[in-house]
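Residues per chain, in single letters:
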Amino acid sequence: MEVGIIGSGVIGLLSALTLTDAGYKVTIVARDLPGDETQDWASPWAGVSIYPHPDVGGHDLQTENFKYYWALAHRDPTSGVQIVNATEYYDDREDDSTIWYKTVVPRYRLISKENLPRGVKLGFTYTSMTINPTFFLPWVQRQLEARGVKFIRKTLNSIEEAQKITGTKLIVHASGLGAFTLANDKNVEGIRGQTMFVKTGFEELKMHQGSHYTYVIPRMFTNGAIIGGVSQPGSTDRSVDIDLRSDILQRVKTLTNGEIGDIDLEKDVQKDIVAFRPGRKGGYRLETDGSTVHAYGFAGLGYIFSYGVALKVQALVDSIGGGMRL
Ligand SMILES: Cc1cc2nc3c(=O)[nH]c(=O)nc-3n(C[C@H](O)[C@H](O)[C@H](O)COP(=O)(O)OP(=O)(O)OC[C@H]3O[C@@H](n4cnc5c(N)ncnc54)[C@H](O)[C@@H]3O)c2cc1C
Ligand SMILES: *[C@@H]1O[C@H](CO)[C@@H](O)[C@H](O)[C@H]1NC(C)=O
């Protein structure tokens, strides 16, 4: 049976993996494809850290996802997925009762209160992963092409147009922010992010959440890391906010207790990144609607959910396919 996928971000690509695993013949239609460096899509610009999220639900999806990348990091490091030591700090909660994934991730350890940095109320470490999307997205595309998946570059105005181009009614709709138009979903909203790719030998994943959102994410195959960040719902400003650069650096120095070393904003920044997370007021959408499976609105957690979402997409496509008796 044939399936068309709208979107070639991490959600569309991994859905193509699970669908071809299940024997479907897949065609992907997208405006932006792996290798494209435009601000029109999110996937090339993510950090990427795999930190499960305490507050957003979807625990099964996040758990399946963690297992997938863990196995992939061991099986094929050319995918750009790397095992790292991770630390999370929070200043908006006193204890780890919300940290549901403490029994999922390897080597979870609570940091005792007296060892926490000033202003941090909860801290813990575990073993997690980072993904370098510059390697990962083309890696997935190569796996898919080897399975006969076709990629068509096209800007679509409707889901029906995708049905015509791919020659099938069954469509997985994973267009991220494109859903504002393609699904006529006015809850879809970009969330602006700004980061820097800097030269550093720092090799740990660290994040602070609560009153501010600050992180350092080492990048496999580079002598560098992504530092950030900021979360600005509704902002559509595509230019670099210069004042934010020094603010981010200052926060990251505090986060790492100075261990990130001296970073010169003039010489050590290899790239300034401004990009937009595909958010949705009310949370992500993962459901069928007629012969369409919608999978969008994963905001700042698209990679953290991706393979779990892809497994669910495949199950939803199975359920439609049975109904259509094709
Ligand atoms: C600065 C930053 C840091 C981030 N860090 C992390 C992180 O550490 N961990 C994490 O899990 N997530 C992170 N994210 C979020 C993550 O990048 C996204 O959640 C994820 O990439 C969304 O994937 P997607 O496939 O849904 O959408 P996208 O990657 O945006 O892909 C959408 C696809 O649909 C196509 N499309 C859209 N409209 C049309 C149309 N009209 N016609 C044809 N094609 C169309 C696009 O061309 C593209 O192929 C970060 C994001 C940003 C911006
Ligand atoms: C994580 O830290 C431990 C020491 O606490 C070290 O033995 C191990 O090699 C580190 N793992 C990685 C992937 O860096």
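All values derive from a computational prediction rather than experimental measurement. (Residues numbered from 1 in each chain as written. Chains lettered and ligands numbered in written order. Predicted model: local features only at pLDDT ≥ 70, side-chain atom pairs only at ≥ 80, totals over all residues. Heavy atoms only, no water.)

> What is the right way to look at the UniProt feature "domain: FAD dependent oxidoreductase" (unreviewed entry) in the chain in this model?
Mapped onto this numbering, the UniProt entry gives "domain: FAD dependent oxidoreductase" (unreviewed entry) at residues 3-311. Secondary structure content for residues 3-311 is 26% helix and 30% strand, while the C-alpha to C-alpha distance between its ends is 15 Å. (UniProt positions renumbered as here; feature names shortened; annotations may be inferred. Helix = DSSP H or I, 4+ residues; strand = E, 2+ residues; numbered from the N terminus.)

> Looking at this structure, how should I read helix α4 (residues 159-166)?
Three- or four-residue spacings in an α-helix give side chains the same orientation, since the helix completes a turn every 3.6 residues. Among the residues of α4, Ile 159, Glu 161, Ala 162, Gln 163 and Thr 166 are the ones counted as buried. Summarising the contacts, the buried residues of α4 are in contact with β1 (2-6), β2 (25-30), β8 (171-173), α5 (179-182) and β16 (292-296). For α4, the N-terminal capping position is held by Ser 158, with its side-chain oxygen 3.1 Å away from the main-chain nitrogen of Glu 161. Of the residues flanking the end of α4, it is Gly 167, one or two places downstream, whose phi is positive at about 70°. (Buried < 20%, exposed > 50% of the residue type's maximum accessible area, 1.4 Å probe, protein only. Contact = heavy atoms within 4.5 Å. Polar contact = N/O pair within 3.5 Å; in protein donor to acceptor, adjacent residues only side chain to side chain.)

> I keep staring at the pairing of β2 and nothing clicks. Help me out?
A regular strand places its side chains so that they alternate between the two faces of the sheet. Of all six residues making up β2, five are buried, and the element is well covered by its neighbours. Where β1 meets β2, five bridges bridge the pair, whose relative direction is parallel. Across the sheet, the residue bridging to Val 3 is Val 26, located in β2. Read as a crossover between parallel neighbours, the route from β1 over helix α1 (residues 10-21) to β2 is right-handed. Strand direction decides the pairing type here: β2 and strand β7 (residues 150-153), joined by four bridges, are parallel. Among the inter-strand pairings, Thr 27 is bridged to a residue of β7, identified as Lys 150. (Pairing = 2+ DSSP bridges. Right-handed = clockwise from strand over helix to strand, strands pointing away.)

> Whenever I open this one, the pairing of strand β6 (residues 122-131) confuses me. Can you help?
Of all 10 residues that make up β6, nine are buried, and the element is covered over most of its length. As defined by bridge partners, strand β3 (residues 49-50) adjoins β6 across two bridges and the pair is classed as antiparallel. If you follow Ser 49 over to β6, its bridge partner there is Thr 130. In this structure, strand β4 (residues 81-90) lies alongside β6, joined through 10 bridges in antiparallel fashion. Note on β6: the bridge partner recorded for Val 81 is Ile 131. In the sheet, strand β5 (residues 109-110) pairs with β6 via two bridges, with the strands oriented antiparallel. Among the inter-strand pairings, Leu 110 is bridged to a residue of β6, identified as Phe 124.

> What am I meant to see in the site of ligand 1 here?
Around ligand 1, 36 residues are found, and the nearest of them are Asp 32, Ser 43, Leu 156, Ala 299 and Tyr 303. Within the complex, the protein chains bury 97% of what would otherwise be the 1,000 Å² of accessible surface of ligand 1. Taken together, the elements giving at least two residues each to the shell around ligand 1 come down to α1, β14 (269-280) and α7 (302-324). No other element matches the four residues that β14 contributes to the shell around ligand 1. For the shell around ligand 1, the residue count by class is 19 nonpolar, 13 polar and four charged. (Near = heavy atom within 4 Å. Areas by Shrake-Rupley, 256 points an atom, 1.4 Å probe, with all protein chains shown as cover. Nonpolar A, V, L, I, M, F, W, Y, C, P; charged D, E, K, R; others polar.)

> What is the right way to look at the nonpolar core in this model?
As a rule of thumb, soluble globular proteins bury nonpolar side chains together. Formed by 72 residues in total, the largest nonpolar core has its most connected members in Leu 14, Tyr 69 and Phe 136. With 10 residues, α7 is the single largest residue contributor to this core. Dropping the residues within four chain positions of it, Phe 136 is found in contact with Val 10, Leu 14, Tyr 69, Leu 72, Ser 79, Val 81, Ile 131 and Tyr 303. By size, the runner-up hydrophobic cluster in this structure holds 19 residues, among which are Tyr 89, Leu 244, Ile 260 and Val 269. (Core = buried A, V, L, I, M, F, W, Y, C linked by side-chain atoms within 4.5 Å.)

> Would you explain unusual backbone geometry in this entry?
In this structure, the amide linkage connecting Gly 47 to the following residue, Val 48, adopts the cis form with an omega of 0°. Along the chain, the position of Val 48 falls in the loop between β2 and β3. A cis amide bond links Gly 228 with the next residue in sequence, Gly 229, at an omega value of 10°. Along the chain, the position of Gly 229 falls in the loop between β12 (224-228) and β13 (232-233). Even without being glycine, Phe 221 reaches a positive phi, approximately 70°. The topology assignment puts Phe 221 in the loop between β11 (214-219) and β12. Look at Phe 221 and you get partly exposed, because its relative accessible area is 47%.

> Looking at this structure, how should I read α1?
The end-to-end C-alpha distance of α1 is 17 Å, a good match for the 16 Å that 12 residues give at a rise of 1.5 Å each. Judged by how many residues are buried, α1 sits mostly within the fold: 11 of 12 residues are covered. Among the residues making up α1, those that are buried are Val 10, Ile 11, Gly 12, Leu 13, Leu 14, Ser 15, Ala 16, Leu 17, Thr 18, Leu 19 and Thr 20. Residue Gly 23 follows α1 closely and has a positive phi angle near 95°. (Expected span 1.5 Å × (residues − 1).)

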